Amino acid sequence: MSAKGKVPVSKNQEFELVIDAVNDQGDGLGRYQGFAIMVPGLLAGEKALVHVVQVRAHFAYAKIVQVLVSSEDRVDPQCPLNGKCGGCQLGHMSYPAQLAYKHDKVAEKLIRTGHFSPEEVQSKLAPVTLGMNGDQWQHYRNKAQFPVQIINGKAEAGFYALHSHRLLPAYHCLLQSQTANRMIQDIMEEVRICRLSVYSEETGKGLLRHVLIRTSSDNKQVSALFVINGSTLPHQDKWAAFMEREGVTSFSVNINQANTNVILGRSSKLVYGNQYLTDRMDGLTFQISPESFYQVNPQQTQKLYQTALDFAAIKDSDTVWDAYCGIGTISLFLARRAKHVYGVEIVPAAIENAKMNAKANKIDNVTFYCGSAEKVMPEEYREHGVKADVVVVDPPRSGCDKALLDTLLDMKPDRIVYVSCDPATLSRDLDYLCHQEKSCYGLVKAQAVDMFSNTFHVETCVLLVHNMSTEKFTVEYTPKDSSYMEKLTPNATYREIQEWIAQNYNGMKVSNLYIAQVKQKYGIIERENYNKGEGKAKVPKVTPEKEKAIEAALRHFRLIEN
């Protein structure tokens with residue numbers, strides 16, 4: 001923003017821009033005359049000619065005209081829709097850089113929103129994001145959601161363009177399973193042959209809204225779901241025969257006649273095959289209904305849940321609450337170690353799945369409740385005295401309701417394991433549990449996990465321990481797949497170090513000389529004039545306070561070890 005408060009840019013203006021950072025949404029962030037400019041597809045340190053496409057009061061969006069200076073972390077996107085589809089925000093960023101970005105994203109939220117000190121975050125947040133091995137980042141999703149629209153008079157499926165509901169036809173996504181990619185092509189060809197009407201958001205008319213395809217981990221079972229704007233699917237017998245030929249083991253329709261962007265309606269009907277898709281994980285069997293939540297990345301899910309189990313440190317005498325339990329995945333893992341587990345979930349179909357899954361796995365030390373966690377847990381605690389030694393929460397993106405957090409503070413479980421898909425709401429809730437007037441928990445360990453490669457999303461698992469706990473929990477969790485770290489080339493400019501310190505140490509300013517002195521202390525070679533000064537001039541020495549801040553910055557940028 002200019003000195004007079006006027007916006008210094010206008011739509012369709014072009015100029016050169018240097019990118020300072022990548023923001024929470026994966027966009028490059030730079031400043032033009034002090035005004036924030038966000039550019040999808042650019043990386044920190046890059047310089048580009050950009051074209052302004054949208055101007056708002058405090059920032060503007062621009063698109064790339066030409067990249068003038070490229071980052072070492074830039075790679076050629078393998079998807080032809082990269083930068084157009086809203087799915088892969090980081091397809092132009094190397095995988096090691098993606099993992100570092102996600103680690104730093106979690107750290108920044110814990111500091112700014114969670115109000116943990118940089119030193120505490122540096123010591124408690126594992127320095128390595130748990131990433132995928134080899135080329136597992138491709139075709140890792142076991143669930144695909146395809147919106148359907150009429151494009152140029154033809155029924156098409158695909159994905160929405162960035163920041164819009166404009167459909168981009170797409171039949172080969174690098175993130176979706178190969179089975180889903182094949183099936184959506186066949187399904188849409190059949191839709192055209194059958195002349196099945198397609199829903200229009202503008203008119204509210206038409207039948208087919210979305211196609212959902214889910215596969216088991218071994219790809220031996222496939223479920224398909226049509227979301228329709230009506231009560232019945234025409235020619236159901238023909239569709240059932242088609243799905244059988246396609247190898248589908250479960251085909252249902254979901255009724256959604258509301259004028260809404262929400263994909264699923266409240267009821268589903270089985271058309272053909274099994275009521276549920278069955279999957280296995282770490283020796284347990286899970287039945288999954290079309291409406292139920294189930295993690296979309298099987299390989300990484302096991303790492304995430306193993307982290308949660310390690311953090312929980314369950315004993316056979318422990319009583320455990322699993323809030324937002326879904327179909328009982330984490331609950332049943334916990335029940336194999338605990339005395340008893342109570343799970344709560346608001347989706348009725350998921351709770352039915354959870355009960356069936358407990359029975360199928362012959363686990364009888366679990367009790368499941370259907371309802372909101374913020375209502376069921378307080379009621380069971382205050383009216384029926386159901387306490388817990390350990391509470392595991394895995395809430396939606398919006399985080400935990402305040403009523404649930406207050407119940408945790410009243411219940412005082414020894415340990416809380418918080419699994420989150422949003423570092424911002426996670427940090428907000430941790431601040432409430434750890435730093436408010438009646439707070440009574442301390443942060444012991446945090447681990448970022450990459451469940452969604454090529455996107456800005458990141459999962460985080462956190463362990464909190466009650467301040468009056470009689471046990472000490474110093475969890476040592478070393479990722480087994482950290483070989484990618486060998487490819488990282490730690491680096492940071494003096495400006496980046498100075499900006500990080502200013503942001504995290506109340507505006508503290510440090511000189512290049514002081515940074516060089518601390519670098520030299522750790523054996524990082526510096527230019528001669530930064531370290532010795534000129535002639536007989538007395539070189540000022542870095543103060544202990546600034547030395548500590550510089551060391552924290554060097555650890556943040558991975559220039560020195562913990």
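Residues numbered from 1 in each chain as written. Predicted model: local features only at pLDDT ≥ 70, side-chain atom pairs only at ≥ 80, totals over all residues. Heavy atoms only, no water.

Participant: Any chance you could explain the overall build of the protein chain here in plain terms?
Facilitator: Within the protein chain, the secondary structure is distributed over 14 helices and 21 strands. Its C-alpha radius of gyration of 26 Å places the protein chain within 12% of the 24 Å reference for a compact globule of 562 residues. Referenced to the eigenvectors of the C-alpha coordinate spread, the extents of the protein chain come out at roughly 95 × 60 × 45 Å. For the protein chain, long-range pairs separated by at least 24 residues make up 65% of all intrachain contacts whose partners lie at least 6 apart in sequence. (Helix = DSSP H or I, 4+ residues; strand = E, 2+ residues; numbered from the N terminus. Rg over C-alpha atoms; globule rule 2.2 N^0.38 Å. Contact = heavy atoms within 4.5 Å.)

Participant: Before we go on, may I ask you to explain the packing of helix H8 (residues 373–384) against helix H9 (residues 402–411) in this structure?
Facilitator: Working note: a packed helix pair is described by the angle between its axes plus the distance between those axes. Packing of H8 against H9 brings their axes to within 8 Å, and their N-to-C directions diverge by 25°. One finds that H8 runs roughly parallel with respect to H9. Handedness of the crossing formed by H8 with H9: left-handed. Counted together, Ala373, Glu374, Met377, Pro378, Tyr381 and Arg382 of H8 and Ala403, Leu404, Asp406, Thr407, Leu408, Asp410 and Met411 of H9 form the full contact between these two elements. The class makeup of the residues in the contact of H8 with H9 is eight nonpolar, one polar and four charged. (Axes fitted to C-alpha atoms, helices over the stretch in contact; angles between N-to-C directions. Parallel < 35°, antiparallel > 145°, perpendicular 65-115°, else oblique. Left-handed = near helix turned anticlockwise from the far one by under 90°. Nonpolar A, V, L, I, M, F, W, Y, C, P; charged D, E, K, R; others polar.)

Participant: Sorry, what's going on with the side chain of Asp322 here?
Facilitator: Here Asp322 shows up in strand S15 (residues 319–323). The buried charged residue Asp322 lacks any salt bridge partner; its closest oppositely charged side chain belongs to Arg336, at an N-O distance of 13 Å. Of the polar contacts made by the side chain of Asp322, one reaches the side chain of Ser331; its length is 2.5 Å. Apart from the residues within four sequence positions on either side, Asp322 is in contact with Ile330, Ser331, Leu334, Val341, Tyr342, Gly343, Val344 and Val392. (Buried < 20%, exposed > 50% of the residue type's maximum accessible area, 1.4 Å probe, protein only. Lys, Arg positive; Asp, Glu negative; His and termini not counted. Salt bridge = Lys/Arg side-chain N within 4 Å of Asp/Glu carboxyl O. Polar contact = N/O pair within 3.5 Å; in protein donor to acceptor, adjacent residues only side chain to side chain.)

Participant: Explain the pattern of salt bridges to me, please; I cannot follow it from the model alone.
Facilitator: Close approach of charged atoms allows side chains of opposite charge to pair. Within this structure, the stated rule accounts for 22 salt bridges. A salt bridge links Asp282 to Arg336; the shortest N-O distance between them is 3.1 Å. You can see Asp282 sitting in the loop between strand S13 (277–281) and strand S14 (284–288) and its partner Arg336 sitting in the loop between helix H6 (329–335) and strand S16 (340–345), a full 54 residues away along the chain. The exposure class assigned to Asp282 is partly exposed, which follows from its relative accessible area of 42%.

Participant: Please clarify how the side chain of His466 should be interpreted in this entry.
Facilitator: Along the chain, His466 turns up in strand S21 (residues 459–466). The contacts of His466, once residues within four sequence positions are left out, are Lys412, Pro413, Asp414, Cys440 and Tyr441.

Participant: Before we go on, may I ask you to explain the sheet that holds strand S6 (residues 143–151) in this structure?
Facilitator: Each strand in a sheet pairs with its neighbour through backbone hydrogen bonds, running either in the same direction (parallel) or in the opposite one (antiparallel). Taken together, seven strands build an open sheet; the order of strands is S8-S7-S6-S9-S10-S11-S12 and the sheet is mixed. Taken across any chain shown, the strands that pair with only one partner, and hence form the sheet edges, are strand S8 (167–169) and strand S12 (267–273). Averaged over all adjacent pairs, the angle separating strand axes in this sheet is 35°, with direction ignored. As judged from the four bridges shared by S6 and strand S7 (residues 154–160), these two strands associate in the antiparallel manner. Across the sheet, residue Ile150 finds its bridge partner in S7, namely Ala155. Taken strand by strand, helix H4 (residues 236–245) contacts strand S10 (222–228), strand S11 (250–255) and S12, and its axis lies near 60° from that of S12. (Pairing = 2+ DSSP bridges.)

Participant: Explain the state of the cysteines here, please?
Facilitator: Counted by the stated rule, this structure contains zero disulfides. Note on Cys79: no disulfide assigned, nearest cysteine sulfur contributed by Cys88 at a separation of 6.1 Å. (Disulfide = S-S within 2.5 Å.)

Participant: Whenever I open this one, empty space enclosed by the protein confuses me. Can you help?
Facilitator: Any empty space left between atoms is shown by rolling a water-sized probe over those atoms. If you walk through the whole model with that rule in mind, you get two cavities of 30 Å³ or more. Taken together, Lys143, Leu212, Ile213, Arg214, Ser223, Ala224, Leu225 and Pro290 form the lining of the largest cavity. Residue assignment for the lining of the largest cavity shows that the elements contributing at least two residues are strand S9 (208–215) and S10. In the lining of the largest cavity, the residues fall into five nonpolar, one polar and two charged. (1 Å grid on protein atoms, 1.4 Å probe; cavity = no way out; pocket = protein on both sides within 12 Å on 5 of 7 lines; lining within 4 Å. Points joined across faces, edges and corners; volume = space filled by probe spheres on them.)

Participant: Honestly, unusual backbone geometry in this entry has me stumped. Any pointers?
Facilitator: Most of the time, phi is negative for any residue but glycine, and the peptide bond is trans. One non-glycine residue, Asn152, lies in positive phi territory at about 55°. With respect to the element layout, Asn152 can be found in the loop between S6 and S7. The class of Asn152 is exposed, set by a relative accessible area of 81%. The phi angle at Asn506 is positive, at roughly 50°, despite the residue not being glycine. Positionally, Asn506 belongs in the loop between helix H11 (494–504) and helix H12 (512–521). Overall, Asn506 belongs to the exposed group, its relative accessible area being 83%.

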